[in-house]
Amino acid sequence: MKKLIKQIFLVSILFYIFTQNHLIAQSWKEVDSIASEHIKMKNYEKAEKTYVDGLYSIEKSKGRSSKEYAILLGNLANFCSARRQFEKADSLFSISIDIFKNIKDTLSIEYANVLNNLADIYLENSFFEDAELLYTNALEIKRKTIGNNAPSCSFTLNQLGYLYNRMGQFKK
């Protein structure tokens, strides 16, 4: 009986936390999952608040110089990009990239994904040379970390092909 009461109490606390949208030192994956649910329900303000609250929580628990902070910042940038807030997304991606560089984690798949996602913005806004540099760097990192045959490598190669098509460089 005591165990059941503890379980009910724990469930009620978790329910309160999630319904009140308070984030307590959650991982970036948990924050991203909650924000994704808000996005599915087209509640974009709550999704953005979830990302911001998550960043604040991770900043308090691990600091702004942590990999988790950089990843979540990149996820918020993706959200902004999807909402066509390209300048805001560009700034957030740039900060995320700087964090990865500062913590010397530039050979991770997460860093490559941030580069890839920023390249998507540059491609969308016709900054082709910048996009090409980011795509090629992301592809090189992905090949080293997850292998040439990984779906993520194929996606980046596809984006590079689309970029070259837009640039009229069909031979590349």
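Described below are features of the structure shown in this document. A quick note: this is a predicted structure, and the numbers were derived from the prediction, not measured. (Residues numbered from 1 in each chain as written. Predicted model: local features only at pLDDT ≥ 70, side-chain atom pairs only at ≥ 80, totals over all residues. Heavy atoms only, no water.)

Across its full length, the chain holds eight helices and zero strands. When the helices and strands of the chain are placed in sequence order, the string is α-α-α-α-α-α-α-α. The buried share of the chain, taken over its 172 residues, is 39%. For the chain, the proportion of contacts with a sequence separation of at least 24, taken over those separated by at least 6, is 53%. (Helix = DSSP H or I, 4+ residues; strand = E, 2+ residues; numbered from the N terminus. Buried < 20%, exposed > 50% of the residue type's maximum accessible area, 1.4 Å probe, protein only. Contact = heavy atoms within 4.5 Å.)

The N-to-C vectors of helix α2 (residues 28-40) and helix α4 (residues 67-82) enclose an angle of 15°; their axes lie 10 Å apart at closest approach. Between α2 and α4, the angle is such that the two are roughly parallel. α2 and α4 meet at a crossing whose hand is right-handed. Counting all contacts with α2, which are made through Trp28, Val31, Asp32 and Ile39, the residues of α4 involved are Glu68, Ile71, Leu72, Asn75 and Phe79. (Axes fitted to C-alpha atoms, helices over the stretch in contact; angles between N-to-C directions. Parallel < 35°, antiparallel > 145°, perpendicular 65-115°, else oblique. Left-handed = near helix turned anticlockwise from the far one by under 90°.)

A word on the side chain of Asn116. Secondary-structure assignment places Asn116 in helix α6 (residues 109-124). Overall, the relative accessible area of 1% leaves Asn116 in the buried class. Excluding residues within four positions of it along the chain, Asn116 makes contact with Tyr135, Ala138, Lys142, Phe155 and Thr156.

Take unusual backbone geometry next. The phi angle of most residues is negative, glycine excepted, and most peptide bonds adopt the trans form. One non-glycine residue, Arg84, lies in the positive phi region at around 65°. Tracing the backbone shows Arg84 in the loop between α4 and α5 (86-102). For Lys104, which is not glycine, the phi torsion reads 55° and is therefore positive. On the secondary structure map, Lys104 appears in the loop between α5 and α6.

The next thing to look at is the packing of aromatic side chains. The tally for this structure, following the rule as stated, stands at three aromatic pairs. Taken together, a centroid distance of 5.9 Å and an interplanar angle of 50° make the contact between Tyr51 and Phe79 tilted. Separated by 28 residues along the polypeptide, Tyr51 in helix α3 (residues 44-62) and Phe79 in helix α4 bring together distant segments of the chain. Of the two residues, Tyr51 and Phe79, neither departs from the other in class, the shared state being buried. (Phe/Tyr/Trp six-rings, centres within 6.5 Å; stacked < 30°, edge-to-face > 60°.)

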